[in-house]
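Report on the structure
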Amino acid sequence: MQRSSLIGMILLLLLATGEANAHAMLDHAEPRVGNKVASPPREVTLWFTQKLEQAFSTITVTNAAGQRVDSGKTRVSGSQMSVSLRSGGTGTYHVNWHVLSVDTHTTDGNFTFQVGE
Amino acid sequence: MSIRLLRAGLPGLAIALVPLTTSHAHEIVGNRFFPATLGIDDPGVNDELSLPTVDSFKTGDIPPVRQRDISGEFSKRITEDFAISFGSTYTFLGPIDPTAAGANGFQNLETTFKYRVFKDPVHEFVMSVGLSVEWGGTGSANIGAESFNVYTPTLYFGKGWGDLPDTLSWLRPVAITGQVGYAIPGKRSITTFGIDPDTGDQTIDTEFNPRVLNWGGSIQYSMPYLKSAVVDLGLPDFVNRLIPLVEANLQTPISNTLTSGTTTTGTINPGVIWAGNKFQFGVEALIPINRQSGSNVGVIAQLHFYLDDIDPNGIGKPIFGNAVSPARPFVRN
């Protein structure tokens, strides 16, 4: 077997073995990251690239005044995670998320979106 | 370590000191993902495989020599913060003068011990220290592999600009990385004995092996960071995975420079990295900073695998201790 073929097989094997194990990463969000919506949304929903575990997967949202406006009850379904919001007025909302994927890896991040104005 | 000094023994040609890349890593600090850069090493520690890295350029010799390299490097975490990497490079030297002979062979094997000493996710700052050892005599002498070890202690750092104020949010995807190393040859000099072809007298040539400052940095703009943490512009997925960057990879002889001189050599490397979920691909131009660094614009490309993502419960986790998963809050393939 040629060396190049052997290297190719090794690389394919490496990729194949981890097919279900990559980290859960933010794919997109609603409201979209950094974008503006006319009125306060009823919920924030995040989509990830991997399935999530309910435990330890959370979203917190604060309004422009720094007050928490999320319900505190994050819902997880497959690779999707949502939290309901109370009305927090206009301004910049801050979203912080933390997830545990099914392969036990954790990831976290944050972003903002604008309401009104 | 990402910089090696090559002195080729191609007959009739004096090969200048040229940079060569062999070792890379990637790192995640809070919102920030530092990709594996091609010219210098990134500031972090991880499980990864760079295979292959290929480059092609003309050296700064007169006449120049076409140098092509293909290299691989494997890095394994021993603990969460400590990794050992092994790298090897095969070099092809082809003289521009068709009547001159070429040469090819392996360069010396290289091992790097790297420890992450500080990590601040909030400010996206990370710093590591390392020691690279180029094992003398393990490569081929006809392409210039040295017969002695070279030890290079190095400091690495990275800083993301994610903590900039809202008024500068478009600059938050920017990050800078850097490294400063000091290459210490195991032998101060090499003396060779010969016969003068004209007089028949015995000659003695002494070449002093300089201690070299290996320094460089990168500035990069992360489109994944822009999408996941600043603003989702609805751009095509391919664009959202790009990280355009410019690297500088430089070497300055500091001491024992009697025969080497003290001229700084190196390249400026503009390019782009496409970062997927399990691998990345990068390509950069190699622009020599002066005539001693090269005689044309070269190119370097690399395929790099994130073993911590490919097999997080096997080869992609530290040998001792549990893997503490990094935050990687943006989409990668």
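As a further point, take the overall build of chain B. When helices and strands are tallied, chain B shows three helices and 17 strands. Buried residues in chain B amount to 51% of all 333 residues. Partitioning the intrachain contacts of chain B with sequence separation of at least 6 by distance along the chain shows that 63% fall at a separation of at least 24.

With that out of the way, let us pick up the environment of Lys114 of chain B. Residue and element names in this part refer to chain B. Its place among the elements puts Lys114 in strand S7 (residues 110–120). Given 26 C-beta atoms within 10 Å, Lys114 falls into the buried group. With 17 residues separating them along the chain, Lys114 and Leu131 place their C-alpha atoms 6.5 Å apart. The contact partners of Lys114, leaving out residues within four places of it in the chain, are Val45, Ala83, Ser128 and Gly130.

Once that is clear, we can look at the sheet that holds strand S1 (residues 26–30) of chain A. All names here are of chain A. Pairing is antiparallel in the open sheet, where four strands are placed in the order S1-S3-S6-S5. Strands at the two margins of the open sheet, each flanked by one partner only, are S1 and strand S5 (75–77). This sheet shows a mean twist of 20 degrees between the axes of neighbouring strands, independent of strand direction. Pairing of S1 with strand S3 (residues 43–48) involves four bridges; the strand directions are antiparallel. The residue bridging His28 from the neighbouring strand is Trp47, located in S3.

This next bit is on unusual backbone geometry. In this model, Glu30 of chain A is joined to Pro31 of chain A through a cis peptide bond whose omega is 0 degrees. In this structure, Pro31 of chain A sits in the loop between S1 and strand S2 (36–37). Of note, the phi angle at Phe56 of chain A is positive, near 70 degrees, even though the residue is not glycine. Looking at where Phe56 of chain A falls in the secondary structure, it is placed in strand S4 (residues 52–62). Not every positive phi belongs to a glycine, and Asn256 of chain B is a case in point at roughly 60 degrees.

What follows is about helix H1 (residues 223–230) of chain B. Most of H1 of chain B is tucked away: eight of the eight residues are buried. If you check which residues of H1 of chain B are buried, you get Met223, Pro224, Tyr225, Leu226, Lys227, Ser228, Ala229 and Val230 of chain B.

Residues and elements named next belong to chain A. The strand order across the open sheet formed by four strands is S2-S8-S7-S4, and the pairing between neighbours is mixed. Because the sheet does not close on itself, it has two edges, and the strands there are S2 and S4. Here strand S7 (residues 91–101) runs beside strand S8 (residues 106–115); their pairing, made up of ten bridges, is antiparallel. The partner of Tyr93 across the bridge, within S8, is Phe113.

Attention shifts here to the nonpolar core. A general feature of soluble globular proteins is that nonpolar side chains tend to end up buried together. Grouped together as the largest cluster of nonpolar side chains are 41 residues, with contacts concentrated most on Val44, Leu46, Ile59 and Val61 of chain A. What Leu46 of chain A contacts, discounting residues up to four positions off in sequence, is Leu26, Ala29, Ile59, Met81 and Trp97 of chain A.

Moving on to the confidence of the model for chain A. Residues with a pLDDT of 70 or more make up 78% of chain A, whose mean pLDDT is 82. Scored below 50 in pLDDT, residues 13–21 of chain A shows 14 contacts in the model against residues more than four places distant or in partner chains.

Reading the values: the criteria
- Residues numbered from 1 in each chain as written.
- Chains lettered and ligands numbered in written order.
- Predicted model: local features only at pLDDT ≥ 70, side-chain atom pairs only at ≥ 80, totals over all residues.
- Helix = DSSP H or I, 4+ residues; strand = E, 2+ residues; numbered from the N terminus.
- Buried ≥ 20, exposed ≤ 12 C-beta atoms within 10 Å, placed from the backbone.
- Contact = placed C-beta atoms within 7 Å.
- Pairing = 2+ DSSP bridges.
- Axes fitted to C-alpha atoms, helices over the stretch in contact; angles between N-to-C directions.
- Core = buried A, V, L, I, M, F, W, Y, C linked by C-beta atoms within 7 Å.
- pLDDT = per-residue confidence, 0-100.

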